[in-house]
Each structure stands twice: as C-alpha cells, then as structure tokens.
Protein chains: 2
Amino acid sequence: MIPTLEWTNEGVRFLDQTRLPLEETYVLAKSYEEVADVITTMVVRGAPAIGVTAAMGVALGAKNSSAETVADLAREVKKISAVLAATRPTAVNLFWAITRMGERFEALKSRRGASVDEIRSGLVAEALKMYDEDIAACRTMGDFGASLMPREGGVLTHCNAGALATCGYGTALGVIRSAVSAGHKLHVYADETRPFLQGARLTAWELMHDGIPTTVLCDNMAASRMRAGKIKAVVVGADRIAANGDVANKIGTYGVAVLAKEHEVPFYVAAPWSTIDLETATGDEIPIEERSPVEVTHHGGKQLTPHGVGIENPAFDVTPAKYVTAIITERGVLRAPYYEALQGMVLAGS
Amino acid sequence: MIPTLEWTNEGVRFLDQTRLPLEETYVLAKSYEEVADVITTMVVRGAPAIGVTAAMGVALGAKNSSAETVADLAREVKKISAVLAATRPTAVNLFWAITRMGERFEALKSRRGASVDEIRSGLVAEALKMYDEDIAACRTMGDFGASLMPREGGVLTHCNAGALATCGYGTALGVIRSAVSAGHKLHVYADETRPFLQGARLTAWELMHDGIPTTVLCDNMAASRMRAGKIKAVVVGADRIAANGDVANKIGTYGVAVLAKEHEVPFYVAAPWSTIDLETATGDEIPIEERSPVEVTHHGGKQLTPHGVGIENPAFDVTPAKYVTAIITERGVLRAPYYEALQGMVLAGS
C-alpha cells in the first residue's frame, strides 16, 4: 500500500505529490487550514483522495477546536467546512465528504447528552471510516474491472487515478492492479498528462513501485500508438460523473475517449460511487477549474513561452457518456443508457 | 521576415531555435559538418528549412573544399551529401534538396571546360535560388490557402510550420499570415507540442512577433476547445506527403486530425511541392524518427519521470489521407482523391 495520506496523532500526513517521483517526502498538516492548503497546492490530488482529505480536515479542525459548547463547535465545523469546500471546484467527492461529515455532526449532536468531546471523537472516527471505505471500494472496483481488461497487451491511462489519487489502491490503476494480480499480462501506457505531469511523475512512479511494466508517452503520442494497435483498452478515473453518465476528468481525457472510439478501443471509467453526482443532470453543468497559467508557461522554474502570450489552463474536461464503454464502481459495472443504469443502482443500493 | 537561416560570406547563419523564445541568438555554421550538427540538434528544424539548410550545407562544403580537380570535388560532394542525408530521416525535403544539388553538380560538371571554381559558384547560386524559391512558394501557398481560412474565429495549429520552419514566411503559418493580411480576424490556438515545445516556444514567438493573437494550449486541451466550438479550422505543415495523400508530420498531428473529423472541423495541410514524395506509395512506408528519451524525461535539466521507466519518443506520426480536407501547395489546392490529384498536378507542372 502506498501511504498517500494518513491520520496521525499530530495531524494528517501526506506523501508530497509535488515532489514525486524523485523525492519521497511527507507533509504534516497540523490544522484544517494546512489541510486546505495541501489540497489547493496539489500536495494531494485525485478526487477520492481529496474527499477523504477534506473529511480528515473537518475532523482535525473539530479536534483542535477550543469550542466548549456544542453550539460553538457547530459554528466552527461550519466555518471549517466552508474553507475546505473552497479549495477546488470540480471533484464532487470533496463536497460529498464535507456533506457527509456535516450529517455525521448532526447525528452525533442529536444524541441525548452528547458532549463536545464525544462529537469530536465521532467525527475523527467517521473520517477514518471513510478512509477504510475508500480502500475497500477501490479493491471491489478492481475486482469488478479486472475481467474487462485484456488478457495481455497495452492499456492506456491518463493522469493518475491510482493509489496516489485515493487512500492507497487506486481506481483506474486499482483495476489494472487487480487484473495483473489475476494473471493478466498488461503493459501500461501512461500519458504524461500536461501540464502537471501526473502521468509521467505519479502513475509511472506507483506502477514501477509495484513492478507493473510502464511506458510514459507524451499526451500527443497516444493516437499513433492506438493506430499501431498497441492499445487494447483505456481506463481512467473521474472527478465527477453526471446523472446522464457524462464524465469530468483530467484535461485530455475527452480527447483520449474520441481516439478510443475512432480506433474501436474500449474506454472505461473507474470511480467510487461518491464521484457520481445525481444532482448534476449533464456534464455541461459541471464547473471546470481554470488553474494558473504558470503551470503551462513554466517548468522547473524555467519559462517555456514568450512573454505575454495567451494561455488557457482548464484542469478538467467533460467526456460525453456516448464515448464511455462502461463505468466501473464498487456497486458494479454500469453500461449505457447510464441515466437508467445509475437510477437502477441507486434503488438497488438503498 | 524572420531570419531563420541566411547565407553569409563566413558560412550559414541560423537563428538558434533551441534558445527561443526568451533568447534571440544566432549560430554560424562554418563547415558542412557544423551545418549537419545544426540540423541534428534542431537549432534549425521544419521540413522546408531543413531542405534549404542541406542545400546550403552542400554549397558550403564545396566552397570550402580544397579539391583541385572536378573529380576530387565530385568525391567531396558525395561525402558531404552522405553526411547531411544522415541527419534526420523523416522530412523528405532533406533528400530532395541533396538530390537537387547533386543533379545541379552533374549539370555544371557536364558543361564543356567547367572549372572547379565555376562549379563551386554554381552550387552556391543553386542553394540561394532554393532559398528564394522557398519564400516565393510559401507566399503562393499563403495566397491559395487564405481563402480556406474562416473570416473570423479560432484556428488551431500543431508544432511550428511557420517562418521558423522555412526560409522566413511559413507554410501553415504562411496561410494564417496571408489570411490575416487579407482581413480575416483570426485567433491562433497553438498546441504546445510536446516534447520539444515547438508550438509553445516557436509558433507563439513568431506570431506574437507579427502581432497575430495567439493562445498556447497543452496538446491535450485541443479536444475540449473543439467541443466548445472555439476552433473553426486546423492548419498544419508536413514533413512528407505520400503519393496517396497520407501525411507525416510532427507527433500529435494524427490525433488532432481525428479530433477535427469528430468535430467536423476542416483539417488542412500546407506544404511545398518538395514535401511530396511520389516514390512513397503510402504513409506506412515513411520512416519515423525515434528521438532521445531525454526529450521526454527531462526539461530544463530537470528529470520529470522516475528512473528506469519505459519511454517512447517518435518525432512524427502519419495522418491517413481520409482525414485531410485539402493539401495546400504552391501549385494549387488539392482535394481527395489525392493520388489522382497529385498525379494530375505532376502532369500540369511538367
């Protein structure tokens, strides 16, 4: 297991993903504000990891709070939640986790005679439960998804939907891990994933860590590898899935999906149920974070582009459901029509 | 006019494209070996510019040669040609230019009583003529292509098929320059073009130099911009066009072509006739240069990927003719079926 994030007595400890792959260093966030910073600066990233991180942020904030009454703690938790919710807009897991912690707070508060300390402990326990659930969900997704992978050959992934994007096993890379464990001979092609290079840095690092054969490609090379027949399947994660099956994921995912369709390569999305946002009807309603131009214009402190040129840096794009062969969740594998499949799974899960 | 390359009394002078956009420095190649190095290290790049550079390399080698007899000079020119031909494999303009210089040598040699010095001067004159022809061809292509550009809106280009890829006006960017001169209100989206970043560095630099509005995108962002309706046309250059209209161009071009088709955006290729290789039946026969993994793994001296990970770095890909809306040459605009169109233009041009 890769120690993406961990609750400790001193705070939340994160493997610093901005320093990988060459340095394996850790950041200890001792306050909820520091947890928020860790999300904003992408020390931790990946929708499921962001969700659990935010839950731990709420728990840490409550634990550190000097509130002496339940009413004071309620005000604190509300403020903490607002700060954490303002970190990044696209991954719905963030809001899902904060909402769940809020609901847990209400449930704890409503118990007759609950003390401030009992509520604090209950919030910490809830965050730890979400951590465990994430790992269990990824392993279940892995089991469901493994049989969709080819028996042998190349599998393309984009960005990092791995152990580093979750609490330690991965969504898309969890499917690959489970397939490899089940004996599939896979070779992973990892898009480098500009501008932040999550593929080149993180996916390559964690797959090498696990001994899974991996080749890094520039994003623009995937098309020619597909045309050469080297890619048998694509599997990616998601930051938010709308009620109609449209998928928001790392910028470039949509292009990969179009290429997969053109080459008749199956395109799979692996994501926990917490990534599914039934309140959002279609992908067009998903807010897309625009990040700093500096991520595009500079690398390693060096400027790449001429002064003053226009830059766009959307962090995500939306892949319409029609390009998605299947969505792999811990509740099962969904296929089109996704609206009906998702509604059916809500009923089955309730 | 951008001084991409220039014949001088001391040798061939190149704007150093590895230092752009932040430094405008020049490299003077004083021998044919130095000219070969300048091609290999991509101080100069772009198929048409490589062609004229190689011609100047032959002329420079002949000029500097100590040969005292025509037979000695013939041996020298053969050796020089072999060294220059071994620099890069994909751009056919390189071989076209070397062949043309060889034919010119034979023609000069066959003149009764031709002296070694007369042949030397004749070779220099031929290289200078090819330089002038390149600029004229680009301007003619620009005129033919301008009317294919939208009256206003976004035009996507990939890599640099500009002044910096030619002797000073550009093929794809020549079309854009001519359209802008003719009053089209264009906004250029320049793919950054990993790994060598010709778009971010060179296309952005030369379009800003000419005051044409330009936005740099990571390669993986073009798909979402197309889906958003921001791209009205794509125009790229070519390194070699096969007899059936298949186009070898910078890695990533094929992916852009697939995206353009999916979004019903016209996809244009602008290239001089010297890029067309009627000896090569289809794109599958075009040799694709594989460049050093270091271009992918490192940037600005900094390593991006974990030690030991697999890397692929093909410099070019092939776009099948079916994705190409039209090929813009100095002889006219060709449309499918390309085999027939190209053969017809050979007859018309002969």
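As the structure is a prediction and not an experimental result, all values here were calculated from the model.

What counts and what doesn't
Residues numbered from 1 in each chain as written. Chains lettered and ligands numbered in written order. Predicted model: local features only at pLDDT ≥ 70, side-chain atom pairs only at ≥ 80, totals over all residues. Heavy atoms only, no water. Helix = DSSP H or I, 4+ residues; strand = E, 2+ residues; numbered from the N terminus. Rg over C-alpha atoms; globule rule 2.2 N^0.38 Å. Buried < 20%, exposed > 50% of the residue type's maximum accessible area, 1.4 Å probe, protein only. Areas by Shrake-Rupley, 256 points an atom, 1.4 Å probe, with all protein chains shown as cover. Lys, Arg positive; Asp, Glu negative; His and termini not counted. Charge placed at Lys NZ, Arg CZ, Asp CG, Glu CD. Least-squares fit on C-alpha atoms with pLDDT ≥ 70 in both. Contact = heavy atoms within 4.5 Å. Phe/Tyr/Trp six-rings, centres within 6.5 Å; stacked < 30°, edge-to-face > 60°. Lys NZ or Arg CZ within 6 Å of the ring centre and 35° of its normal. Core = buried A, V, L, I, M, F, W, Y, C linked by side-chain atoms within 4.5 Å. Polar contact = N/O pair within 3.5 Å; in protein donor to acceptor, adjacent residues only side chain to side chain. Disulfide = S-S within 2.5 Å. Pairing = 2+ DSSP bridges. Axes fitted to C-alpha atoms, helices over the stretch in contact; angles between N-to-C directions.

Colleague: Looking at this structure, I do not really get the overall build of chain A. What am I missing?
Modeller: Counting its regular elements, chain A contains 11 helices and 17 strands. The C-alpha atoms of chain A give a radius of gyration of 20 Å, which matches the 20 Å a tight globule of 350 residues would have. Per-residue burial for chain A yields a buried fraction of 63% across its 350 residues. For chain A, the accessible area works out to roughly 12,500 Å², and carbon and sulfur atoms hold 51% of it. If the 34 positive side-chain charges of chain A are averaged to one point and the 41 negative ones to another, these points end up 3 Å apart.

Colleague: Help me understand unusual backbone geometry, please; the structure alone is not making it clear to me.
Modeller: Residues other than glycine predominantly adopt negative phi, and peptide bonds predominantly adopt the trans conformation. For the peptide bond that leads from A:R194 to A:P195, omega is 0 degrees, which places it in the cis range. Tracing the chain through its elements places A:P195 in the loop between β5 (185-191) and α7 (198-209). Of the consecutive residues B:A336 and B:P337, the connecting peptide bond is found in the cis state with omega at 0 degrees. Relative to the assigned elements, B:P337 resides in the loop between β17 (332-334) and α11 (338-349). Non-glycine residue A:T193 carries a positive phi angle of around 70 degrees. Assessed through its relative accessible area of 0%, A:T193 is described here as buried. One non-glycine residue, B:C159, adopts positive backbone phi at about 65 degrees. If you trace the backbone, B:C159 turns up in the loop between β4 (152-157) and α6 (172-181).

Colleague: Looking at this structure, how should I read the relation of the copies chain A and chain B?
Modeller: To go from the first copy of the chain to the second, apply a rotation about an axis and then a shift along the same axis. When chain A is fitted to chain B, the residual RMSD is 0.0 Å, and the transformation amounts to a turn of 180 degrees plus an axial shift of 0.0 Å. Expressed as a symmetry operation, the mapping of one chain copy onto the other fits a two-fold axis. Most of the interface of chain A is mirrored in chain B, where 100% of its interface residues are also at the interface.

Colleague: Just checking my understanding: could you explain the packing of aromatic side chains for this structure?
Modeller: The relation between two aromatic rings is expressed through the spacing of the ring centres and the mutual angle of the planes. All names here are of chain B. Summed over the entire model, instances satisfying the criterion amount to two aromatic pairs over all chains. On the numbers, 5.7 Å between centres and 80 degrees between planes, the contact of Y254 with Y323 is edge-to-face. Of this pair, Y254 sits in helix α9 (residues 253-262) while Y323 sits in the loop between β15 (316-319) and β16 (326-329), placing them 69 residues apart in sequence. In this structure, R13 packs its charged tip against the face of Y26, placed 3.9 Å from the ring centre.

Colleague: Can you walk me through the nonpolar core in this structure?
Modeller: Inside soluble globular proteins, nonpolar side chains tend to come together where they are buried. Counting 86 residues, the largest nonpolar core has A:V234 and B:V234 as the members making the most contacts within it. Once residues lying within four places of it in the same chain are set aside, the contact partners of A:V234 are A:L156, A:M226, A:V256, A:A260, A:V265, A:P266, A:F267 and A:Y268.

Colleague: When you look at helix α9 (residues 253-262) of chain A in this model, what are you seeing that I'm missing?
Modeller: Side chains of residues three or four places apart in an α-helix project in the same direction, reflecting 3.6 residues per turn. Burial within α9(A) is extensive, with eight of its 10 residues counted as buried. Two residues or fewer after α9(A) comes A:E264, characterised by a positive phi angle close to 55 degrees.

Colleague: Would you mind showing me how to read the side chain of B:T193 here?
Modeller: Checked against the element boundaries, B:T193 lands in the loop between β5 (185-191) and α7 (198-209). Only 2.8 Å separates the side chain of B:T193 from the backbone oxygen of B:D191, close enough to count as a polar contact. Residues contacting B:T193, with those up to four places away along its chain left out, are A:N220, B:H158, B:C159, B:Q198, B:G199, B:D219 and B:K250.

Colleague: Where do I start with the state of the cysteines in this structure?
Modeller: Simply put, the disulfide is a covalent bond whose two ends are the sulfur atoms of two cysteines. On inspection of all chains with the given rule, the structure shows zero disulfides over all chains. Distance from the sulfur of A:C159, which forms no disulfide, to the nearest cysteine sulfur (B:C218) is 12 Å. Residue A:C159 is classed as buried on the basis of its relative accessible area of 6%.

Colleague: Please explain the sheet that holds strand β3 (residues 26-29) of chain B as it appears in this structure.
Modeller: Backbone-to-backbone hydrogen bonds join strands into a sheet, with any given pair of strands oriented parallel or antiparallel. Residue and element names in this part refer to chain B. An order of β1-β2-β3 is seen for the three strands of this open sheet, with the pairing classed as antiparallel. Two strands bound the open sheet, and with one partner strand each, they are β1 (5-7) and β3. When the angles between neighbouring strand axes are averaged without regard to direction, this sheet yields 20 degrees. Note that strand β2 (residues 12-15) and β3 share four bridges and pair antiparallel. Bridge pairing links V12 to A29 in β3. Running over the sheet, helix α2 (residues 47-64) touches β1, β2 and β3 and is turned about 25 degrees from β1.

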